Amino acid sequence: MQKLTWDIQYLSPPPAIKYCKKCGKKTEHLCSGLFRINAQRKYLDIWLIYKCSDCDSTWNMTIYSRINPKSIAPEMLEGFYSNNGALAKRYAMDTELIRNNGAEVGFPKYKILGANINFNTPIELHIKSSYPSRLKVSSLLREKMNLSQTAFEQMIISGSIRITSGLDLKKCRLQADAILIIDSL
Ligand SMILES: [Zn+2]
């Protein structure tokens, strides 16, 4: 069996989908990469600023609420004050945090890096993602293998494609790493 790896490269963090008062509907909010910090007495509030993609209204996603600054590492605090890009990205990719802030998580833009499957030999395919995303494993497979929904479902039914986690391959979403077994034709 040949081992193959696909790396999912994210081109943007996922949009946060939430109700925009100005637009009067649910819209995609995009991460601005900027933090907002508010100091009150001994405590800090720290947010990551998002903007509605339709009207530019801002939405502040809570990172810390009333936290003692001494409990944050100084380098990290400096990162918040200087709008450190890697730090902003880390929070923007945190789908759990977005959900805990009452927003839905949209789909990030991504690229699939890795060799195509030629079906000449059985393959153990590892799909790697540095962040848990909402991307469906089936969509990634179909996109990269250029398969129709019907052709893909036939492969699942015949057992020629299997996911080692035992999850439902039609429904499961990409966590850190998915491993699939794909038979040759
Ligand atoms: Zn709006």
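Residues numbered from 1 in each chain as written. Predicted model: local features only at pLDDT ≥ 70, side-chain atom pairs only at ≥ 80, totals over all residues. Heavy atoms only, no water.

**Quick look at unusual backbone geometry**
This is how the line gets drawn: A run of H or I in DSSP becomes a helix once it reaches four residues, and a run of E becomes a strand once it reaches two; helices and strands are each numbered from the N terminus. Only protein chains enter the calculation, and the probe is 1.4 Å; a residue is then buried if its accessible area is under 20% of its type maximum, exposed if over 50%, and partly exposed in between.
Although it is not a glycine, Asn83 sits at a positive phi angle of roughly 55 degrees. With respect to the helices, strands and loops of the structure, Asn83 is situated in the loop between α1 (74–81) and α2 (85–92). The phi torsion at Asn146 lies on the positive side, around 60 degrees, for a residue other than glycine. One can find Asn146 in the loop between α4 (137–145) and α5 (149–158). By relative accessible area, Asn146 is classed as exposed at 70%.

**Looking at empty space enclosed by the protein**
Here is the rule: Lining residues are defined by having an atom within 4 Å of a point belonging to a cavity or pocket. Those points lie on a 1 Å grid over the protein atoms alone, cavities being sets where a 1.4 Å probe fits but cannot get out and pockets being open sets with protein on both sides within 12 Å along at least five of seven lines. Grid points are joined across faces, edges and corners, and a volume is the space filled by probe spheres set on the points. Amino acids are sorted into nonpolar (Ala, Val, Leu, Ile, Met, Phe, Trp, Tyr, Cys and Pro), charged (Asp, Glu, Lys and Arg) and polar (every other residue, Gly among them).
Scanning all chains against the criterion turns up 1 cavity of 30 Å³ or more. In this structure, the largest cavity encloses a volume near 30 Å³. Along its surface, the largest cavity is lined by Tyr10, Pro14, Met93, Thr95, Pro108, Tyr131, Pro132 and Ser133. Of the residues in the lining of the largest cavity, the class split is 6 nonpolar, 2 polar and no charged.

**Some words on the domain arrangement of the protein**
You'll often see interface size given as the accessible area lost when the parts meet. Applied cut-off: Here the limits of each domain have been adopted from an automatic or database domain assignment. Each of two parts loses accessible area, computed with a 1.4 Å probe, when they are put together; buried area is these two losses added. Between Lys or Arg on one side and Asp or Glu on the other, a salt bridge is scored when a side-chain nitrogen of the former is within 4 Å of a carboxyl oxygen of the latter. N or O atoms within 3.5 Å of each other form a polar contact, as long as, within protein, one can give a hydrogen and the other can take it, and as long as residues adjacent in sequence are counted only when both atoms are side-chain atoms.
Splitting the protein by domain gives domain 1 (2–12 + 108–182) and domain 2 (16–105). Between domain 1 and domain 2, the C-alpha centre-to-centre distance is 32 Å. Each partner contributes to the roughly 490 Å² buried at the junction of domain 1 and domain 2, and carbon and sulfur atoms together form 63% of this total. The three residues of domain 1 that bury the most area against domain 2 are Tyr131, Pro132 and Arg134, which together make up 80% of that side's buried surface. Our enumeration of links across domain 1 and domain 2 arrives at 0 salt bridges. Remark: the boundary between domain 1 and domain 2 carries 1 residue pair in polar contact (both at pLDDT 80 or more). Tallied by class, residues from the side of domain 1 that touches domain 2 come to 3 nonpolar, 1 polar and 1 charged.

**What about the packing of α1 against α2?**
Stated precisely, the cut-off is as follows: Every angle, taken between N-to-C directions, lies between 0 and 180 degrees, and every axis is a line fitted to C-alpha atoms, over only the stretch in contact when it is a helix. Roughly parallel means an angle under 35 degrees; roughly antiparallel, over 145; roughly perpendicular, 65 to 115; everything else is oblique. In what follows, a contact means two residues having at least one pair of non-hydrogen atoms within 4.5 Å.
Following both chains from N to C, one finds α1 and α2 inclined at 90 degrees, their axes separated by 8 Å at the closest point. Between α1 and α2, the angle falls in the class roughly perpendicular. Facing α1, whose interface residues are Met76, Gly79 and Phe80, α2 presents Leu87, Arg90 and Tyr91. Classifying every residue of the contact of α1 with α2 by side-chain character gives 4 nonpolar, 1 polar and 1 charged.

**Details of the sheet that holds strand β3 (residues 25–40)**
Note the threshold: Here, a strand pair is defined by DSSP locating no fewer than two bridges between the strands.
Read from one edge of the open sheet, 5 strands run β5-β4-β3-β2-β6, paired in antiparallel fashion. The open sheet terminates on both sides in strands that have one partner only, identified here as β5 (58–67) and β6 (104–105). In this sheet, strand β4 (residues 43–52) lies alongside β3 in antiparallel orientation, the contact comprising 9 bridges. Bridging from a neighbouring strand, Cys31 pairs with Tyr50 of β4. Against the sheet, α1 touches β3, β4 and β5, its axis set at about 125 degrees to β3.

**Overview of the environment of Arg142**
Relative to the helices and strands, Arg142 resides in helix α4. On the basis of relative accessible area, Arg142 is assigned to the partly exposed category, the value being 26%. Counting along the chain gives 10 residues from Arg142 to Phe152, while the straight-line C-alpha distance between them is 6.8 Å. If we skip the residues at most four places from it in the chain, Arg142 touches Leu147, Ser148, Gln149 and Phe152. A distance of 2.8 Å separates a polar atom in the side chain of Arg142 from a polar atom in the side chain of Gln149.

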